[in-house]
Amino acid sequence: MMSARCLRSLLMPPALLTLCGTLFTAGLTSSASAQAASSNFWRHFIQRLTPDAQTHPHISSQKTPSSPLSSPAPAITPPPPPITLDAEDQQTQQTLAAALTFMMPRLLTPQTPQNLCLWGMHALVKASSPLTAHINLTLTIEPTSHTTPSHLTLFYGSQRLLDEPTPHEDDILGWSQLSTRFIATLRHSLPNLYPYKDEACLTLFLNGLLTQLDPYSRYQPPTHTTSPPTPPQTIIASVGLTLRQSHAHFPAVAAINLNSPLWDAGITPGDRLISINHHSTRNTPLKDLQKALTGPKGSTIQLSFRLQDGQKLTRNFTLSLMGEESVFPDHIGHLPLLHVTQFLPHTAEEISQYLSAFFPPTTLEGDLPHASPPKTHIPSHPGLVLDLRGNHGGILQQAVMTAALFLDHGVITTTDGRAPESNHVWSIQGGDLTNNTALALLVDKNTGSAAEVLAAALADHHRAIIIGSSSFGKGMVQISTTLPNGGHLALSWARLNAPQGWSLQGLGVIPSICTTPQSHYSLKAQFSALQEGHSLMATTLQQAHLIHEDSPADTRLALRAICPPSPPTITDLSTALTVLSKPHFYQAALFSTPTINAP
């Protein structure tokens, strides 16, 4: 006779379903070992279902060799008739099976279909109306022999709504079918509790189980638009020019779209627009000028500029559609600044355009004019500021390509996961377009993902100093798929590591100069240390570079607390200007980051 232990009850707050049941412990040699194994299993399972320590249920551990089922209901109705699945239910089943099939080999931490589906069921339990009476969901896993299957039983009071045998824990199809019947039972038997369609229940189910995996995996249901099509509208085109006020009476060029014809005409940020179609721009409000720079696609406009070398340029330009911009130039004092808002498909190319304008290639003195002279970038500015504050990330490849604009070669990041195809080393063979000009990166609490990859890479290679606060700490890569119902599933399947191998997840990028008022070190004290040739953040950075995927969360949080994640401060830009203007400050901050491959 095999051993079994009955889980008498698992108490949940009122108006929520309650999970209870027993654990099959076949193959164990004694009742004591069976009881220990079952207690460990349920403790782990229940804690995953209720991660909040304040709501952990009580687990009763008793051996009941002769009782196949311990039910919280005194009078139990007979098993209900089988549920007939309609077309909507069948679609749900196909979608669930496809989602589980996609997830299983790609999960960062191994799980069984049984665990995932139980998490999804629990999410539906929690979604029931808080105005209803107490409900009992009983999970019984107590076969009396090797051939007796375990059962999932659903009670509403004393009414048994569902009594189904459970498949093997690794049976994807079996658990998707059982979960579909579970969803259908809630919808059809408890319409007041679950006044949803299958699609809404499926969304609760999938996002409920994904939440147990990590903060970034998610399911987006299909969008069904029933509104009538809108009539075609006039498409507004432009020349891709953004203006800003200047100290003179004429507006200056602030930004130029990557696809703008102004680049080919030799226009660069800082030039002044003096007329539009022969009308002077002198003292004209910016909003009126920006409106005058738009019109129907294919129309032409005449613009006159006063270039920074004093020359005047007048030319006709054709208006066209411009792509979304993600890079915006500015300046702080005498230093150029590039604000990168996100990493879109052409972000690296946008940055390259601006770098070529800031640091134009110059023919070396003494080269013969007929010999196709080599060109080099002679720094025309003492430094450059790259502003990544508020940049949530985007396309990882674009962040890697951006790093190639500032580095000649090296590893930018590595990704690792359980799926072999998720393991990758992202290395570049580039060419520094700035000729090693001093570089400061600004980060804040909202700098995440791909933006953190860029910041970590440039810091690890001693190519840039990081100024601001600890960044967001998103160190996971998602892979997505479209499911049979048209919904989209994004699953975290790889972890991001910096060039020196430390983990970004939960830690983020810790700056070499911390500007947040909550910092352990005042800005004045940090400047004093830099004056003496060392950084107060050096020890913290060394400890951060020892973080790996198995490091405790408390350790990561303690390091982040040295320079807590914070919004932008008014001292970020002035700090960058100060440090880039003092080479000995810059060098001390730059080498506060441990050397790559150092023991």
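Residues numbered from 1 in each chain as written. Predicted model: local features only at pLDDT ≥ 70, side-chain atom pairs only at ≥ 80, totals over all residues. Heavy atoms only, no water.

S.K.: How should I be thinking about the packing of helix α2 (residues 87-103) against helix α5 (residues 198-211) in this particular structure?
M.R.: For any two helices packed against each other, the geometry is given by the interaxial angle and the distance between the axes. Interaxial distance between α2 and α5 falls to 10 Å at its minimum, and their mutual angle equals 20 degrees. In terms of orientation, α2 and α5 fall into the roughly parallel class. Here α2 runs over α5; the crossing is right-handed. Taken together, the residues of α5 that come into contact with α2 (itself represented by Glu-88, Asp-89, Thr-92, Thr-95, Leu-96, Ala-99 and Met-103) are Asp-198, Glu-199, Leu-202, Phe-205, Leu-206, Leu-209 and Leu-210. Partitioning the contact of α2 with α5 into residue classes produces eight nonpolar, two polar and four charged. (Axes fitted to C-alpha atoms, helices over the stretch in contact; angles between N-to-C directions. Helix = DSSP H or I, 4+ residues; strand = E, 2+ residues; numbered from the N terminus. Parallel < 35°, antiparallel > 145°, perpendicular 65-115°, else oblique. Left-handed = near helix turned anticlockwise from the far one by under 90°. Contact = heavy atoms within 4.5 Å. Nonpolar A, V, L, I, M, F, W, Y, C, P; charged D, E, K, R; others polar.)

S.K.: Mind showing me how you'd approach the sheet that holds strand β20 (residues 383-387) here?
M.R.: Strands belonging to one sheet form pairs held by backbone hydrogen bonds; the direction of such a pair is parallel or antiparallel. Ordered in space as β16-β17-β20-β23-β24-β27, the six strands form an open sheet in which the pairing is mixed. Of all the strands in the sheet, the pair left with one neighbour each is β16 (327-332) and β27 (513-514). Of the strand pairs in this sheet, strand β24 (residues 465-468) and β27 are connected by two bridges, and their pairing is parallel. When the bridges of β27 are listed, Gly-468 appears paired with Cys-514. The strands touched by helix α14 (residues 572-581) within the sheet are β16, β17 (335-340), β20, β23 (438-443), β24 and β27, with β23 carrying the most contacts at an inclination of about 160 degrees. (Pairing = 2+ DSSP bridges.)

S.K.: Can you help me understand helix α10 (residues 450-460) in this one?
M.R.: Residues lying three or four places apart along an α-helix face the same way, a consequence of the helix completing one turn every 3.6 residues. Among the eleven residues in α10, eleven count as buried, and that is most of the element. Among the residues making up α10, those that are buried are Ala-450, Ala-451, Glu-452, Val-453, Leu-454, Ala-455, Ala-456, Ala-457, Leu-458, Ala-459 and Asp-460. Looking at the packing, one finds that the buried side of α10 touches β20, α9 (396-403), β21 (409-416), β23, β24 and β26 (488-497). Once α10 ends, the next one or two residues include His-462, with phi positive near 55 degrees. (Buried < 20%, exposed > 50% of the residue type's maximum accessible area, 1.4 Å probe, protein only.)

S.K.: Would you mind going over the pairing of strand β11 (residues 272-276) with me for this structure?
M.R.: For a regular strand, the rule is simple: side chains alternate between the two faces of the sheet. Across the five residues of β11, four count as buried, placing the element largely inside the fold. Across four bridges, β11 lies against strand β14 (residues 300-306) in antiparallel orientation. Along β14, the bridge assignment pairs Leu-273 with Phe-305. As defined by bridge partners, β11 adjoins strand β12 (residues 279-280) across two bridges and the pair is classed as antiparallel. Paired with Ser-275 across the bridge in β12 is Ser-280. Hairpin connection, β11 to β12: the antiparallel pair is bridged by two residues, and Asn-277 has positive phi, about 50 degrees.

S.K.: Is there a simple way to think about the pairing of β20 in this case?
M.R.: Where burial is concerned, most of β20 is hidden: five out of the five residues are buried. Burial of the side chains of β20 extends over both faces: Gly-383, Val-385 and Asp-387 are buried on one face and Leu-384 and Leu-386 on the other. Two strands pair when backbone bridges link them, and β20 and β23 are joined in this way by five bridges, in the parallel orientation. If you follow Val-385 over to β23, its bridge partner there is Ala-440.

S.K.: Sorry if this is basic, but what is going on with the nonpolar core here?
M.R.: Burial of nonpolar side chains together is a common tendency in soluble globular proteins. Formed by 99 residues in total, the largest nonpolar core has its most connected members in Leu-303 and Phe-305. With nine residues, the single largest contributor to this core is α10. Counting 35 residues, the second largest nonpolar core, distinct from the first, contains Leu-116, Leu-190, Cys-201 and Leu-209. (Core = buried A, V, L, I, M, F, W, Y, C linked by side-chain atoms within 4.5 Å.)

S.K.: It is not clear to me how the packing of helix α3 (residues 113-126) against α5 should be interpreted in this structure. Could you clarify?
M.R.: The geometry of α3 relative to α5 is characterised by a closest axis approach of 7 Å and an angle of 125 degrees between their N-to-C directions. When the axis of α3 is compared with that of α5, the two are oblique. Regarding α3 and α5, the two cross each other, and that crossing is right-handed. Along the contact surface, α3 presents Leu-116, Cys-117, Trp-119, Gly-120, Met-121, Ala-123 and Leu-124, while α5 presents Cys-201, Leu-204, Phe-205, Gly-208 and Leu-209. Within the contact of α3 with α5, the residues separate by chemical class into ten nonpolar, two polar and no charged.

S.K.: Would you mind showing me how to read the packing of aromatic side chains here?
M.R.: To describe a pair of aromatic rings, one takes the distance between the centres and the angle between the planes. The tally for this structure, following the rule as stated, stands at three aromatic pairs. Where Tyr-354 meets Phe-358, the ring centres are 6.5 Å apart and the plane angle is 25 degrees; that geometry is what we call stacked. Taken together, the positions of Tyr-354 and Phe-358, both in helix α8 (residues 347-358) and four residues apart, correspond to about one turn of that helix. Residue Tyr-354 is classed as buried on the basis of its relative accessible area, which comes to 1%. The class of Phe-358 is buried, set by a relative accessible area of 11%. Ring pairing ties together the aromatic residues Trp-263, Tyr-354 and Phe-358, which thus form one cluster. It is Lys-474 that lies over the ring of Tyr-216; its NZ or CZ is 4.9 Å from the centre. (Phe/Tyr/Trp six-rings, centres within 6.5 Å; stacked < 30°, edge-to-face > 60°. Lys NZ or Arg CZ within 6 Å of the ring centre and 35° of its normal.)

S.K.: I keep staring at the pattern of salt bridges and nothing clicks. Help me out?
M.R.: Tallying each qualifying case throughout the model produces eight salt bridges. Close ionic contact of Glu-164 with Arg-181 constitutes a salt bridge, the shortest N to O distance being 3.2 Å. Of this pair, Glu-164 sits in strand β6 (residues 159-165) while Arg-181 sits in helix α4 (residues 172-189); the two residues are 17 residues apart in sequence, bridging distant segments of the chain. Measuring nitrogen to oxygen at the nearest pair gives 3.9 Å for the salt bridge that ties Arg-495 to Asp-416. On the criterion of sequence distance, the pair formed by Arg-495 in strand β26 and Asp-416 in strand β21 is long-range, its members being 79 residues apart. For Arg-495, a relative accessible area of 17% translates into the label buried. One connected set of salt bridges, linked through shared partners, spans Asp-387, Arg-389 and Asp-572. (Salt bridge = Lys/Arg side-chain N within 4 Å of Asp/Glu carboxyl O.)

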